Amino acid sequence: MINRVVITGRLSKDPELRKTQSGLSVCSFQLAVDRPKQKGQDDAVTDWISCQAWRQAADYICRYAKKGALLAVDGRIQTRSYDNASGQKVNVTEVVCERVEIQRQASTQSSGKQQTSLNQDSYTNDEVFDNVCIDDLPF
């Protein structure tokens, strides 16, 4: 079996860039992803998907993507847990991004008509995450 997920959604807020103690960039962000409407349902249900990108992918997202941007991510599901400040165990499920595409809308005006098209920027992180140790995690 392969652990792989591909989703497209809009950033719920500006992404946050942090650095680990060893200087690695890590970016956390949340995507708003609409589920298809079910029969008889008036409004779509939105899922809020937590995502994380590392190294150059993290820098890329934080530099070029802002709240509301349309992102397509390709990665894997990861679960982890930690104890919060109150000593309670917190379980987290998130997408660790290996490939990211930012879809930008470009407007052009020709012969009095405005045309909108989607431009696509992408970043692929071909590095394997084998060299990330627990001390590199920012939490």
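Residues numbered from 1 in each chain as written. Predicted model: local features only at pLDDT ≥ 70, side-chain atom pairs only at ≥ 80, totals over all residues. Heavy atoms only, no water.

**Student:** Even after reading the chapter, I still don't get the overall build of the chain, so can you show me in this structure?
**Tutor:** The helix and strand inventory of the chain stands at one helix and seven strands. Across the chain, helices and strands are ordered from the amino to the carboxyl terminus as β-β-β-β-α-β-β-β. Classification of the 139 residues of the chain by burial places 34% in the buried group. Contacts in the chain between residues far apart in sequence, at least 24 positions, make up 56% of those at least 6 positions apart. (Helix = DSSP H or I, 4+ residues; strand = E, 2+ residues; numbered from the N terminus. Buried < 20%, exposed > 50% of the residue type's maximum accessible area, 1.4 Å probe, protein only. Contact = heavy atoms within 4.5 Å.)

**Student:** Could you clarify how one ought to interpret the packing of aromatic side chains in this entry?
**Tutor:** How two aromatic rings sit relative to each other is set out by the distance from centre to centre and by the angle between their planes. Summed over all chains, the structure comprises one aromatic pair. Note on Tyr60 and Tyr64: the rings are 5.5 Å apart at their centroids and 55 degrees apart in plane angle, and the pair reads as tilted. Taken together, the residues Tyr60 and Tyr64, both in helix H1 (residues 55–64) and four residues apart, mark about one turn of the helix. Overall, the relative accessible area of 11% leaves Tyr60 in the buried class. (Phe/Tyr/Trp six-rings, centres within 6.5 Å; stacked < 30°, edge-to-face > 60°.)

**Student:** Can you help me understand the pattern of salt bridges in this one?
**Tutor:** Where side chains of opposite charge bring their charged atoms close, a pairing between them can arise. The tally for this structure, following the rule as stated, stands at six salt bridges. The closest approach of N and O atoms between Arg76 and Glu98, which form a salt bridge, is 3.6 Å. Within this pair, whereas Arg76 is found in strand S5 (residues 70–83), its partner Glu98 is found in strand S6 (residues 89–110), the two being separated by 22 residues in sequence. The partner of Glu94 in a salt bridge is Arg80, and the shortest N-O contact between them spans 2.8 Å. Separated by 14 residues along the polypeptide, Glu94 in strand S6 and Arg80 in strand S5 bring together distant segments of the chain. (Salt bridge = Lys/Arg side-chain N within 4 Å of Asp/Glu carboxyl O.)

**Student:** Can you help me understand the layout of surface pockets in this one?
**Tutor:** Over the atoms, a rolling probe the size of a water molecule traces out where space has been left empty. Each pocket or cavity is described by its volume, and for the largest pocket that value is around 230 Å³. Around the largest pocket sit 13 residues that line it, and Ser28, Phe29, Ser50, Cys51 and Glu94 are the ones nearest its centre. Secondary structure elements with two or more residues in the lining of the largest pocket: strand S2 (16–19), strand S3 (25–34), strand S4 (46–54) and S6. Among the residues forming the lining of the largest pocket, the class breakdown is four nonpolar, four polar and five charged. (1 Å grid on protein atoms, 1.4 Å probe; cavity = no way out; pocket = protein on both sides within 12 Å on 5 of 7 lines; lining within 4 Å. Points joined across faces, edges and corners; volume = space filled by probe spheres on them. Nonpolar A, V, L, I, M, F, W, Y, C, P; charged D, E, K, R; others polar.)

**Student:** Which parts of the structure should I look at to understand the pairing of strand S1 (residues 5–11)?
**Tutor:** On a regular strand, each side chain points to the face opposite its neighbour's, so the side chains alternate between the two faces of the sheet. The pairing of S1 with S5 spans six bridges and is classified as antiparallel. Bridge pairing in S5 links Val6 to Asp74. As paired elements, S1 and S3 share two bridges and run antiparallel to each other. Within the sheet, the bridge partner assigned to Arg10 lies in S3 and is Ala32. (Pairing = 2+ DSSP bridges.)

**Student:** How should the environment of Ser50 be read in this particular structure?
**Tutor:** Structurally, the position occupied by Ser50 is in strand S4. Residue Ser50 is classed as partly exposed on the basis of its relative accessible area of 28%. Along the backbone, Ser50 and Glu94 are 44 residues apart, and their C-alpha atoms lie at a distance of 4.9 Å. Setting aside residues no more than four positions away along its own chain, Ser50 makes contact with Phe29, Gln30, Thr93, Glu94 and Val95.

**Student:** Even after reading the chapter, I still don't get the side chain of Glu101, so can you show me in this structure?
**Tutor:** Along the polypeptide, Glu101 turns up in strand S6. Separated by 2.7 Å, the side chains of Glu101 and Arg99 make a polar contact. (Polar contact = N/O pair within 3.5 Å; in protein donor to acceptor, adjacent residues only side chain to side chain.)

**Student:** Can you help me understand the confidence of the model for the chain in this one?
**Tutor:** When pLDDT is low, close inspection of the predicted coordinates is not appropriate. On average, residues of the chain carry a pLDDT of 81, and 75% of them reach 70 or more. Counted against residues more than four places away or in other chains, residues 112–120, with its pLDDT under 50, gives 24 contacts. In the predicted structure, residues 126–134 sits below a pLDDT of 50 and forms 13 contacts with residues beyond four places in sequence or in another chain. (pLDDT = per-residue confidence, 0-100.)

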